[in-house]
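# Structural characterization, general
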Amino acid sequence: MFTMRNIALKLFRAAWANVLTSISIITISICLVMTMTVYIWNANSQMKADIQALYGEMDLMVGYNPDQQKLLTTNQIEELSTLAGVTQVSRLSIAHTIVEHEKYTAFYTVGVENDDLVKSRYHFAVNLGPNDAILSENVARLFNKRVGDSIHIQSKDFIVQEILPTMKGTDSPNIILLANDVVKAWMNNSQPQTAGIFALIKTDEGRAKAVGAEIKQLDETLRVDVMSDYDVIKRNLQSLMVFMIVLSVFILLISSVLLLSTFQLLFYKIKEQLMILRALGASVKQVGRIVKLQLSLIISFGVMLGTTLSLVIIKSWLPRGWDRTSFE
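Residues numbered from 1 in each chain as written. Predicted model: local features only at pLDDT ≥ 70, side-chain atom pairs only at ≥ 80, totals over all residues. Heavy atoms only, no water.

## Some details on the pattern of salt bridges
What counts here: Here, a salt bridge means any Lys or Arg side-chain nitrogen found within 4 Å of an Asp or Glu carboxyl oxygen. Runs of H or I in DSSP of at least four residues are treated as helices and runs of E of at least two as strands, each being numbered from the N terminus. Each residue is assigned to one of three classes by its accessible area relative to the maximum for its type, calculated with a 1.4 Å probe on protein chains only: buried under 20%, partly exposed between the two thresholds, exposed over 50%.
Per the stated rule, a full pass over the model turns up four salt bridges. The partner of Lys202 in a salt bridge is Glu57, with the nearest N and O atoms 3.9 Å apart. Of this pair, Lys202 sits in strand β8 (residues 195–203) while Glu57 sits in the loop between α2 (16–55) and β1 (60–63), and the two are 145 residues apart along the sequence. Note on Lys202: relative accessible area 27%, which makes it partly exposed. Of the residues examined, Glu57 reaches a relative accessible area of 27% and is grouped as partly exposed.

## Let's talk about the environment of Leu32
Within the element layout of this structure, Leu32 appears in helix α2. By relative accessible area, Leu32 is classed as partly exposed at 40%. Measuring from C-alpha to C-alpha, the distance between Leu32 and Leu247 comes to 9.6 Å, with 215 residues separating the pair along the chain.

## Section: the packing of aromatic side chains
As a reminder of what qualifies: Here the aromatic set is Phe, Tyr and Trp, taking the six-membered ring for Trp, and pairing holds for ring centres within 6.5 Å; pairs whose planes are under 30 degrees apart are stacked, those over 60 apart are edge-to-face, and all others are tilted. Put simply, a charge is over a ring when the Lys NZ or the Arg CZ is close to the ring centre, within 6 Å, and near the line of the ring normal, within 35 degrees.
Applying the stated criterion across every chain yields a total of two aromatic pairs. Ring geometry for Phe158 against Trp186: centres 6.0 Å apart, planes inclined by 90°, an arrangement best described as edge-to-face. With Phe158 in strand β6 (residues 156–164) and Trp186 in helix α6 (residues 180–188), the pair connects residues that are 28 residues apart, well separated along the chain. The residues Phe158 and Trp186 share a single accessibility class, namely buried. Lying over the aromatic face of Tyr122, Arg121 brings its terminal NZ or CZ to 4.7 Å of the ring centre.

## Section: the pairing of β6
Cut-off, in case you're wondering: Here, any two strands with at least 2 DSSP bridges between them count as paired.
The sheet contact formed by strand β4 (residues 132–136) and β6 spans five bridges and is parallel. Bridge assignment links Asp132 to a residue of β6, and that residue is Ile159. With four bridges joining them, strand β5 (residues 150–153) and β6 adopt antiparallel strand pairing. Paired with Ile151 across the bridge in β6 is Phe158. Hairpin connection from β5 to β6: two residues lie between these consecutive antiparallel strands, with Gln154 at a positive phi of about 60°.

## Regarding the environment of Phe124
What counts here: Whether two residues are in contact is decided by their heavy atoms: any pair within 4.5 Å suffices.
Its location among the elements puts Phe124 in the loop between α4 (116–122) and β4. Using a relative accessible area of 5% as the deciding quantity, one classes Phe124 as buried. When the C-alpha positions of Phe124 and Pro165 are compared, they lie 9.5 Å apart, and in sequence the two are 41 residues distant. Sequence-distant contacts of Phe124, defined by excluding residues within four places in its chain, comprise Val112, Glu113, Val118, Lys119, Ile134, Glu162, Leu164 and Leu177.

This is the structure in structure tokens:
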């Protein structure tokens, strides 16, 4: 006894080339659209991951340029922490110091607190005491220092507690991290060549620009850096997204036209079989069910194959962003 499903499958034999062509068209269309969608999503995620890998949880950096000869005061920093949308503030003291009596080379030195915000920004893990120092990989290489070694900075010896590895895709900077109180004491004594006090600010999601604008209203001379404000990258990404969306629409339109033509050829091929079924007593409704079942099978196979192929391509060939916490 033949069922509608069996009859629909047997009729495929009369036009197997058209059936395979239809499935192939659907497979390629699904594969292209899914691959481009994942590519856009991956590019957007990669941009956010790269920014966070460079700057951690920090959204804003606020302070005065060294040539302004002004420093952030305690009252100003406390005022920043009370602004709407600000969730965390960390203080920095930035100076250029003499290392190992190298008088002709000043090294970028940052006085940091031991909070999570500044740790995410500079990617260190230990808590710094008054006699501790953290060196970048390049500084450690220049002076042949390892963890546990002593290093002379400005006018005091420090113990190297950690060496910052170089992030992928970047160069190792010449940077030294010390306890904030130590660098501030030097700044008060005017020992470093240039100095400044900055505040790292973490804001609520999407509030960085608004908070930055509010800070500029408080003092127009303040330097406010929005770390996630990569306008050029964002514009290029938006252009890519528009291009991908337009291309996807054209792919779907072309695929629809090709499918329509292929389906017409398919049913033209099995027209005689359908007429025989009608002559044997099949009703119009039964013939319609056979045609719908054939279409459903073709579309289902095409979607499954397209999805599977897309997953294989995405997993094997599409570039994926590196972990924001990974280093060379």
